[in-house]
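Residue-level structure breakdown
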Amino acid sequence: MKAKKHILFLFILIQIQFCKAQQIQTALPKVENYDKGELEIKVGTFSSENPISIGKIIADGTIQFNFPKIDLNAMEETHFFSMQKIGRALGMFVCHDKGIVVKTETVEAIEVKNIFLYKYGQQVGALIPATQKEMLEDEFVIGNTISWFYSNGDAEFIANCTTYEDDETAKDGLDRNTIRNNTSYNISFKKGWNIVSHRLLKKKDITKGTQRYSRRLIEQKTSIAKIPHKIKWYLKYWANDELLEIEHQLVMLKPITKQNYERWLPKKIGNLKRTDYEVGKILERMPTTNNVNLLFEKGSKKIDLTIVDCADNKDAAGVYTLMKDMASRDWKDKTETGYRSASKMDGKRVMIDYNEKEVKTVVSYNENGRFLIKAEAIDITPEALWEILKDLNIKDLE
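Calculation rules
- Residues numbered from 1 in each chain as written.
- Predicted model: local features only at pLDDT ≥ 70, side-chain atom pairs only at ≥ 80, totals over all residues.
- Heavy atoms only, no water.
- Helix = DSSP H or I, 4+ residues; strand = E, 2+ residues; numbered from the N terminus.
- Rg over C-alpha atoms; globule rule 2.2 N^0.38 Å.
- Buried < 20%, exposed > 50% of the residue type's maximum accessible area, 1.4 Å probe, protein only.
- Contact = heavy atoms within 4.5 Å.
- Areas by Shrake-Rupley, 256 points an atom, 1.4 Å probe, with all protein chains shown as cover.
- Lys, Arg positive; Asp, Glu negative; His and termini not counted.
- Charge placed at Lys NZ, Arg CZ, Asp CG, Glu CD.
- Pairing = 2+ DSSP bridges.
- Salt bridge = Lys/Arg side-chain N within 4 Å of Asp/Glu carboxyl O.
- Arc of directions from axis to C-beta.
- Axes fitted to C-alpha atoms, helices over the stretch in contact; angles between N-to-C directions.
- Phe/Tyr/Trp six-rings, centres within 6.5 Å; stacked < 30°, edge-to-face > 60°.

**Let's talk about the overall build of the protein**
- From N to C terminus, the protein includes 6 helices and 23 strands.
- Radius of gyration (C-alpha) of the protein: 31 Å, far over the 21 Å computed for a compact globule of 398 residues.
- Projected onto its principal axes, the C-alpha coordinates of the protein cover approximately 100 × 85 × 45 Å.
- Among the 398 residues that make up the protein, the fraction classed as buried is 39%.
- Sequence-distant contacts, at least 24 apart, represent 62% of the contacts inside the protein between residues at least 6 apart.
- Roughly 23,800 Å² of accessible area belongs to the protein as shown, and the carbon and sulfur atoms make up 49% of that amount.
- Separation of charge centres in the protein, based on 61 positive and 56 negative side chains, amounts to 6 Å.

Written out as structure tokens, the structure reads:
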């Protein structure tokens, strides 16, 4: 009876250990201290215009890779996308001493060097695997990183490549007693996606006069079946989430119609009467024609007023947030004829370009969470122009 209990205990213990091992093996990579919400992971290796999705980061920072099959025949070779023989794909170009043990001649591959993150279809950051955070800024830190290669067939590549320092006095121009770099390759590719570990084993610090720099001395590139646990995942995030959310909401809005513009048209602003207008004008550097342009005049005073609805247009939404960003802080730059500035006027963030000599003013600002307003005036100062513009009843346009 005791023997049976002992066997049962051992069986349960083995099962627990097996389950723990399974959990370790299947644990998904994760970005620590992550707070950016769900992001899509894409690579532009195969097409810079239409990057391919390879997974996502979920809200808790867990990385869920999902690598698709690639139809290489449908890909057009460009400067950015070019399949190469295995050695060249791995970066083996110049070797003074080259030892190739195994090489599959007929197979080509391409390295996926950069992994980018997307939100609302826009690139917002990059995902970087490395054993040390310092490797993000310094390529000479001893440690490991990984990258993916896509291969058009099964292949083996076992080789060693050595380069030497220059020696002008030597017959072949090389100092064969001083290694510049030695890289070993132990690669086994399957058709499709493959992981390669890049390991810097040793670096060389060099001082020449006042110059100090480093070189990668000894390296290893090795095929691996899974992502090592020692690899950590770092986020480089460059998007402004507030502006990104504004753009997303703008794109979802229903645009103002031509009829709405025409019903709204003011007959005058301040004491200047409307003399002309156009709905849907083609504007320079503005990716939408959803706008109204109005002309107002009185004597020498003129105002050319343009109101652009940035709704339902991704590029126009980008212009809207660019204006918001540029006007977000106070600044003032002198010009040859006057100044350019950004400041608050009656609580509104406004950008001004003023030509003092000719008394020409340009005032630009955002309104009602969707409109970009630009007023170009002749014989009107910035302060006087703003007094006119602030009474525009834009709310009635929506």
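**What about the sheet that holds strand S13 (residues 211–224)?**
- The strand order across the open sheet formed by 8 strands is S4-S6-S9-S12-S13-S11-S10-S5, and the pairing between neighbours is mixed. Looking at strand neighbours, the two that pair on one side only are strand S4 (84–85) and strand S5 (97–103), the edges of this open sheet.

**A word on the pattern of salt bridges**
- All told, the structure shown has 17 salt bridges when counted by the stated rule.
- Notably, a salt bridge pairs Glu165 with Arg215, separated by 2.5 Å at the nearest N-O pair. Residue Glu165 is located in strand S10 (residues 155–166), and its partner Arg215 is located in strand S13; the two are separated by 50 residues in the primary sequence.
- With a closest N to O distance of 2.7 Å, Asp330 and Arg349 form a salt bridge. Taken together, the residues span a long stretch of sequence, with Asp330 in the loop between helix H5 (314–326) and strand S19 (331–334) and Arg349 in strand S21 (residues 348–355) at a distance of 19 residues.

**Comments concerning helix H6 (residues 382–389)**
- Where H6 is concerned, the buried positions are Pro382, Leu385, Trp386, Ile388 and Leu389. On an axial view of H6, the arc spanned by its buried residues comes to 155 degrees, and they lie on one face.

**Things to note about the pairing of S21**
- Where strand S20 (residues 338–345) lies against S21, 8 bridges are found, and the strand directions are antiparallel. Paired with Met345 across the two strands is Lys348, which belongs to S21.
- Direction of pairing for S21 relative to strand S22 (residues 360–367): antiparallel, over a ladder of 5 bridges. The partner of Asn355 across the bridge, within S22, is Lys360.
- Hairpin connection of S21 to S22: 4 residues between the antiparallel strands, including Val359 at a positive phi of 50 degrees.

**A few points about the side chain of Ser197**
- Turning to its location among the elements, Ser197 is positioned in strand S12 (residues 192–208).
- Of the residues examined, Ser197 reaches a relative accessible area of 11% and is grouped as buried.
- Setting aside anything within four residues of it in sequence, one finds Ser197 in contact with Asn144, Thr145, Ile146, Gln220, Lys221, Thr222 and Ile224.

**Section: the side chain of Asn313**
- By the element assignment, Asn313 lies in the loop between strand S18 (301–309) and H5.
- Those residues in contact with Asn313, other than ones at most four positions away along the chain, are Val251, Pro287 and Thr288.

**Considering the sheet that holds strand S15 (residues 268–269)**
- Strand order in the open sheet formed by 9 strands is S15-S16-S17-S18-S23-S22-S21-S20-S19, with antiparallel pairing between adjacent strands. Of all the strands in the sheet, the pair left with one neighbour each is S15 and S19.
- Pairing of S15 with strand S16 (residues 272–279), which is carried by 2 bridges, proceeds in the antiparallel orientation. Bridging across to S16, Lys268 finds its partner in Lys273.
- Sheet strands in contact with H5 are S19, S20, S21, S22 and strand S23 (371–378), and its direction is about 110 degrees off that of S22.
- Across the face of the sheet, H6 comes into contact with S15, S16, S18, S20, S21, S22 and S23 while running at roughly 40 degrees to S22.

**Topic: the packing of aromatic side chains**
- What the rule picks out here adds up to 14 aromatic pairs.
- Plain terms: the ring middles of Phe65 and Phe67 are 5.3 Å apart, the flat faces sit at 20 degrees to each other, and that makes the pair stacked.
- Take Phe65: its relative accessible area is 21%, and that puts it in the partly exposed class.
- Aromatic pair Phe157 and Tyr185: ring centres 5.7 Å apart, planes at 75 degrees, arrangement edge-to-face. Pair noted here: Phe157 is in strand S10 and Tyr185 is in strand S11 (residues 174–189), with a separation of 28 residues, a long-range link.

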